Structure formats: structure tokens, C-alpha cells
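Here is what each chain is made of, one letter per residue.
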Number of protein chains: 2
Amino acid sequence: MKNLKNAPAGEKTALIGNAALLVQDYPRVPLTVDCVIFGFEENKLKVLLIRSDLEVYKGKWSLLGDVVHENEDLDDAAYRVLQERTGMTNVYLKQVHTFSSPHRHPGGRVVTVAYASLLNIKHHELCITENELHWHNVRTVRDMAFDHREIIDTCYNWLQKSIQEHPLGFNLLPEKFSLRELQNLYEAILNVELDRRNFRKKFFSMDFLIDTGEFEEDVKHRPGKLYRFDFAKYEKSKRKWIGIDF
Amino acid sequence: MKNLKNAPAGEKTALIGNAALLVQDYPRVPLTVDCVIFGFEENKLKVLLIRSDLEVYKGKWSLLGDVVHENEDLDDAAYRVLQERTGMTNVYLKQVHTFSSPHRHPGGRVVTVAYASLLNIKHHELCITENELHWHNVRTVRDMAFDHREIIDTCYNWLQKSIQEHPLGFNLLPEKFSLRELQNLYEAILNVELDRRNFRKKFFSMDFLIDTGEFEEDVKHRPGKLYRFDFAKYEKSKRKWIGIDF
DNA sequence: AATTAAATATGTAATTTCTACACATTGTTT
DNA sequence: AAACAATGTGTAGAAATTACATATTTAATT
């Protein structure tokens, strides 16, 4: 945050009185946000993409992004993109990483801040009709514009790590869900198979699941119990976790 | 990464042929990097700070930072700052978070990307004489310029989490270290007291410590064995860790 | 109505990891 | 030689993880 040009080493340098003048001379770069919007449907982790509108990326898929406005906080910009594209507010949104490779954008230097957001596909109407807005399989989607495949990979890694430490996954499920749905979610995101019995044991022992007394409907087998996640209890209990392990 | 002004909804929009023209119209912001340089000495976690050279922050402490140059990658910028200030290269450096509050800089909007870096104070001569460059206690240092206290907090949280999952701590120690030094490091960073016997057991069971056959010198008690960390073995063994827990 | 199929629901034993603690060893200092 | 201080090691109980089997409930089938 500081740099004194032409300040001879060792010489006592005067303080800078006018900070605005200093900043005026700083190089400026175009700054954007890109949202990696994760959803969950048909037991697959999905990501929301749109067709690129750049000629050089014709036919390729692109994240939902936009330029950051003057004096706009990055979080605000990300929420704005989300609101504009999905109509949703109050969803989970998290800054993950900033990408700055000088040639990542064919139009010249553009730095972008990647946000991950998780939302329940069912709660969501793809109301915006411009371009083609689609859910894609996170692991298999190819033909991405820019460095967006790399951005998705980074955010997907972040997601895999985070859902093991925080109850983020519930943002991808309906408010009431069966244990099978929960397990499917974890298996899809972590890309592993888990033992059903141990999975249930683990979640019940954490004691954040509330039995709603209701059952699944419209399933062609024995309906499972529906649960809600007790966010209030979780918030109160947040424990500090010490466990060196690598 | 895309936004079409004045595109009537539903209307088929033409592809953009000239990406450079598009980017030309993007708003631009001053972009800096700030390095949170952690060190370890006298069993305390330290952070390297310099006096702010802004009049409004007279007497306050500031992180080591600089503007990002044209077409410069952020990682490169952070390494450059580190090199310029400490003369060190090949040290651990990691992007942690980007801070963008519109009024975080008194000179106007400046977005900064925070990097954390860990280095061994002994390997390091504070050769740069301009301003006052000092190591400060991470948890107690106050009177910080800008939002640098918040940036340090964020990076410190990142560090606490990371040293439990990755062998980063060894970058803060001499190449050969005693188990007591290692434990002191963990206790200082995590701000807890650990059981000596269980700590040793844990590290030995991970099996990444190489007994050098050498012993501490110049200690006024029974010298402890000196170990090295087996980075090569660690790299080969990186295990994928599945453990849902919150 | 009885049978089959499929998924839910639950229990238990063996293993591993974590935790709390006690004692012997080695080198320094008095 | 004795006292001291820190290193080095072991063990028993608790807790968490893992692997695996059987009963239950509902829908679909005969």
C-alpha cells in the first residue's frame, strides 16, 4: 500500500499529505466479478452457465459475471450479478479467489474476482431469457470461455473442502430433505461413495437435524423421513476445531 | 464477464467481434497487493510492518504493499514486494483475500489483494533501511493504517487453519529444529497449550520428520534432537482427506 | 391377499485415533 | 554428588471411525 518513487535510500522521507494525489497516479485495471453458481439436481452437482457473447468464444460457455462499478464493494457486485441473473437474494455467496493472468481475457488485461454461490435449483426460475442460461454438470462441462474452467475448478475444490467443515450443502437442498438426498449431495460433491449407515450415524451424532415428522411423497418406494437443518443451534455451537493433520 | 447494455430482453443479440473495444469501456480501479509476512521469534508469531508514509496515518503501522503494475500477475506482484522488502525469493506465498471496501483508502477507491507469506526470521536480514521496518506481535499490534488490522486478522485466521492441514509451519523454523521448537510454533499460532507427549506422538505417527542425528547446541538444559521435515515424502503422500465435521 | 422388491432404519464388534497422565533419562548447574 | 530442568517414552481409558448384517416399511407384482 505504499511506495515512494525517487526516495533515496536512508534519506528521511516526508509524509504524504494528499493521499488522493497519490492514488491518482496508481495504474488502474478493469475489474470484474464472476459467480460460480452451484446447484443440485438429479443427484448431480450443477453449475449455471451462459453462452459467451464474444466472437472469439463463439459457442463456448461462460460464467455469470459483470464489471465492478465505481465505488462498489466486490461482495455487492457479486450479489448484484446473482440478483440480476437468478432473481435470488439472501443466498450463500463467498469470495474464493482473484484471477489476474495478464492474458486471461482476449480484450486485454482484466482482473476478475471469483465468487461461489450455492442455491437450490427448485427455488429458482431461470427467468432471464437473454442468451442461453443452463445448468451444466460441474465435472464434465468443457468448452469454456476465458479461464473459466480453471475458475470452476478452483471453486469446486473450495466447495469440496467447505462442505466438510460447514453446513453449506443445505443451501443446495430443499428446506425439508431426506437423509438419502443429503447423502446423495455429499457423494456428488465429494465424488465418493459413502456408507449409508455411517453417514446417518455421523449426521445424527452432530445433532443438528430436526425430524419434521413428515415423509417423502411421490417416491416409488418406502418414503424416508424429512428433516430440517437446525441453523440456529449450529450457530450457537460453533466449536473451535484443533486437529493437526496432513 | 459479460454484460450487454441496451440489449432488449428476448432479442437475439449479435456476438461481440472486438473484445478490446469492449474492455476499453470497463471501469478501472487502482489495484494493489499487501503482504502479511509472518515470522517466528522468541516463541511469538510476528508480522512484518512498516510505518505508514501517509500524513493521515502518521505514526501508524502498515503492511508491505505496492501497486500492481500493468499486465503484472498478482502473484508476481506479491513476490516482487517480498523480494524488494526482504530480499527473499522462494518463500511460501499465498493469496488469501481481496479487500474492496470503497473507503478503505483515504485517497479514494483502492482494491487490494492480500497475500500471506511465511518466512524464517533468522534467514532474513532487514536490509531495507527506508522507514521503520519491524516485526510485531501479531495478536497485540494496534494502531494500524487503512484496514490493515482486518487484513491481518483474515490472514491470521487463514494461517491458523492452514497449519493444521498443511506443513506450512516449517517455513517459519530453521531447517533443523527440535520438537520443542515445533510445538512452540504451533502453540503460538493456535494460541493454545498442547500436551507435549501427544504432540510428539502425532508428528511421529505422520512420519515426515527425519532425525538428523544432531542435537541442539547452546541450550542450558539437556539438548533435544534436531529434525528436518521430509517435504519430498510429504509431496508424494498427499492424501485426499474425507472427514465431514462441523 | 399374498409375495416380491427396494429402499429405509438401526445395531454391533473390531479397529483406530485421541486424551490424559507418570516415570525414567540426560545434561547443566550448584 | 545432589538438585534441577527439560527431553524422551509408555500405557490405559475414552471416543471416533470403519466394516458389516438384519429387520422394517412401503410400493409393485402376482
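Quantities reported herein were computed from a predicted structural model and do not represent experimental measurements. (Residues numbered from 1 in each chain as written. Chains lettered and ligands numbered in written order. Predicted model: local features only at pLDDT ≥ 70, side-chain atom pairs only at ≥ 80, totals over all residues. Heavy atoms only, no water.)

The next point concerns the overall build of chain A. In terms of regular secondary structure, chain A is built from 6 helices and 9 strands. By the compact-globule yardstick of 18 Å for 246 residues, chain A is too spread out, its C-alpha radius of gyration being 22 Å. When the backbone C-alpha atoms are referred to their principal axes, chain A occupies close to 75 × 50 × 30 Å. Looking at the 246 residues of chain A, the share that counts as buried comes to 52%. Long-range contacts, defined as pairs at least 24 residues apart, comprise 63% of the intrachain contacts of chain A with a sequence gap of at least 6. Surface summary for chain A: the accessible area is close to 12100 Å², and the carbon and sulfur share equals 47%. If the 35 positive side-chain charges of chain A are averaged to one point and the 36 negative ones to another, these points end up 6 Å apart. (Helix = DSSP H or I, 4+ residues; strand = E, 2+ residues; numbered from the N terminus. Rg over C-alpha atoms; globule rule 2.2 N^0.38 Å. Buried < 20%, exposed > 50% of the residue type's maximum accessible area, 1.4 Å probe, protein only. Contact = heavy atoms within 4.5 Å. Areas by Shrake-Rupley, 256 points an atom, 1.4 Å probe, with all protein chains shown as cover. Lys, Arg positive; Asp, Glu negative; His and termini not counted. Charge placed at Lys NZ, Arg CZ, Asp CG, Glu CD.)

Bringing the domain arrangement of chain A into the picture now. All names here are of chain A. By the assigned domains, chain A splits into domain 1 (29–173) and domain 2 (176–246). Each of domain 1 and domain 2 has a C-alpha centre, and these two points are 26 Å apart. At the junction of the two partners, domain 1 supplies 16 residues and domain 2 supplies 15 residues. Note on domain 1 versus domain 2: buried area summed over both sides is about 1500 Å², and carbon and sulfur give 73% of it. When the area that domain 1 buries against domain 2 is broken down by residue, the three leading residues are Ile163, Phe170 and Leu173, summing to 41%. In this structure, the connection of domain 1 to domain 2 is made through 0 salt bridges. Inspection of the domain 1/domain 2 interface yields 6 residue pairs in polar contact (both at pLDDT 80 or more). Sorting elements by how many residues they give to the side of domain 1 that touches domain 2 places helix H3 (residues 148–165) first, with 6 residues. Here the side of domain 1 that touches domain 2 is built from residues that sort into 9 nonpolar, 5 polar and 2 charged. (Domains from an automatic or database assignment. Buried area = accessible area lost by both parts, 1.4 Å probe. Salt bridge = Lys/Arg side-chain N within 4 Å of Asp/Glu carboxyl O. Polar contact = N/O pair within 3.5 Å; in protein donor to acceptor, adjacent residues only side chain to side chain. Nonpolar A, V, L, I, M, F, W, Y, C, P; charged D, E, K, R; others polar.)

In this section: the relation of the copies chain A and chain B. You can overlay chain A on chain B at an RMSD of 0.1 Å; the transform is a turn of 180° with a shift of 0.0 Å along its axis. Such values leave the two copies arranged in the relation of a two-fold axis. Here 99% of the contact residues of chain A are again contact residues in chain B; the copies associate through an equivalent surface. (Least-squares fit on C-alpha atoms with pLDDT ≥ 70 in both.)

Bringing the protein's contact with DNA strand D into the picture now. A:Arg197, A:Arg222, B:Arg197, B:Lys201 and B:Arg222 are the nearest of the 18 residues found near DNA strand D. Considering the 4 Å shell around the protein, atoms of DNA strand D inside it are sugar or phosphate in 47% of instances. A:Asn198 has a polar side-chain atom sitting 3.0 Å from a base nitrogen of DNA strand D. Between B:Arg196 and DNA strand D, the recorded distance is 2.9 Å, taken from a side-chain N or O atom to a base nitrogen. When contributions to the surface near DNA strand D are tallied by element, the ones reaching two or more residues are helix H5 (196–206) of chain A together with helix H5 (196–206) of chain B. Looking at the surface near DNA strand D residue by residue, the class counts come to 1 nonpolar, 4 polar and 13 charged. (Near = heavy atom within 4 Å.)

All names here are of chain B. Per the stated rule, a full pass over the model turns up 0 disulfides over all chains. With no disulfide of its own, Cys35 lies closest to Cys155 among cysteine sulfurs, the gap being 9.3 Å. For Cys35, a relative accessible area of 0% puts it in the buried group. (Disulfide = S-S within 2.5 Å.)

A separate point is the side chain of A:Glu165. Inspection of the secondary structure puts A:Glu165 in helix H3. In terms of polar contacts, A:Glu165 uses its side chain to reach the side chain of A:Lys161, at 3.4 Å. Setting aside residues no more than four positions away along its own chain, A:Glu165 makes contact with A:Tyr234, B:Lys161, B:Glu165, B:Trp241, B:Asp245 and B:Phe246.

Let us look at the pattern of salt bridges. Residues and elements named next belong to chain A. With the rule as written, the count across this model stands at 33 salt bridges over all chains. Where Glu41 meets Lys122, a salt bridge forms, and the shortest distance between an N and an O atom there is 3.7 Å. Of this pair, Glu41 sits in strand E1 (residues 28–41) while Lys122 sits in the loop between strand E6 (111–118) and strand E7 (133–137), and the two are 81 residues apart along the sequence.

Turning to the protein's contact with DNA strand C, a few remarks are in order. In the vicinity of DNA strand C there are 18 residues, among which A:Arg197, A:Lys201, A:Arg222, B:Arg197 and B:Arg222 approach most closely. In DNA strand C, the atoms that sit within 4 Å of the protein are 46% sugar and phosphate, with bases accounting for the remainder. A:Lys201 has a polar side-chain atom sitting 2.7 Å from a base oxygen of DNA strand C. Between a base nitrogen of DNA strand C and a side-chain N or O atom of B:Asn198, the distance comes to 3.0 Å. The set of elements that each furnish at least two residues to the surface near DNA strand C consists of H5 of chain A together with H5 of chain B.

Here helix H3 (residues 148–165) of chain B is 18 residues long and its end C-alpha atoms lie 26 Å apart, about the 26 Å a rise of 1.5 Å per residue gives. Counting buried residues in H3(B) gives 13 out of 18 residues, a clear majority hidden from the surface. (Expected span 1.5 Å × (residues − 1).)

Before going further, it helps to spend a moment on the interface of chain A and chain B. Counting from both sides, the interface comprises 85 residues of chain A and, opposite them, 84 residues of chain B. With both chains or domains summed, chain A and chain B bury close to 7700 Å², and 59% of this area falls on carbon and sulfur atoms. Summed over the shared surface of chain A and chain B, the result is 4 salt bridges. The salt bridge involving A:Glu165 is made with B:Lys161; its shortest N-O contact spans 2.7 Å. At the surface where chain A touches chain B, the tally comes to 22 residue pairs in polar contact (both at pLDDT 80 or more). Per-element accounting of the side of chain A that touches chain B gives the leading share, 7 residues, to E1(A).

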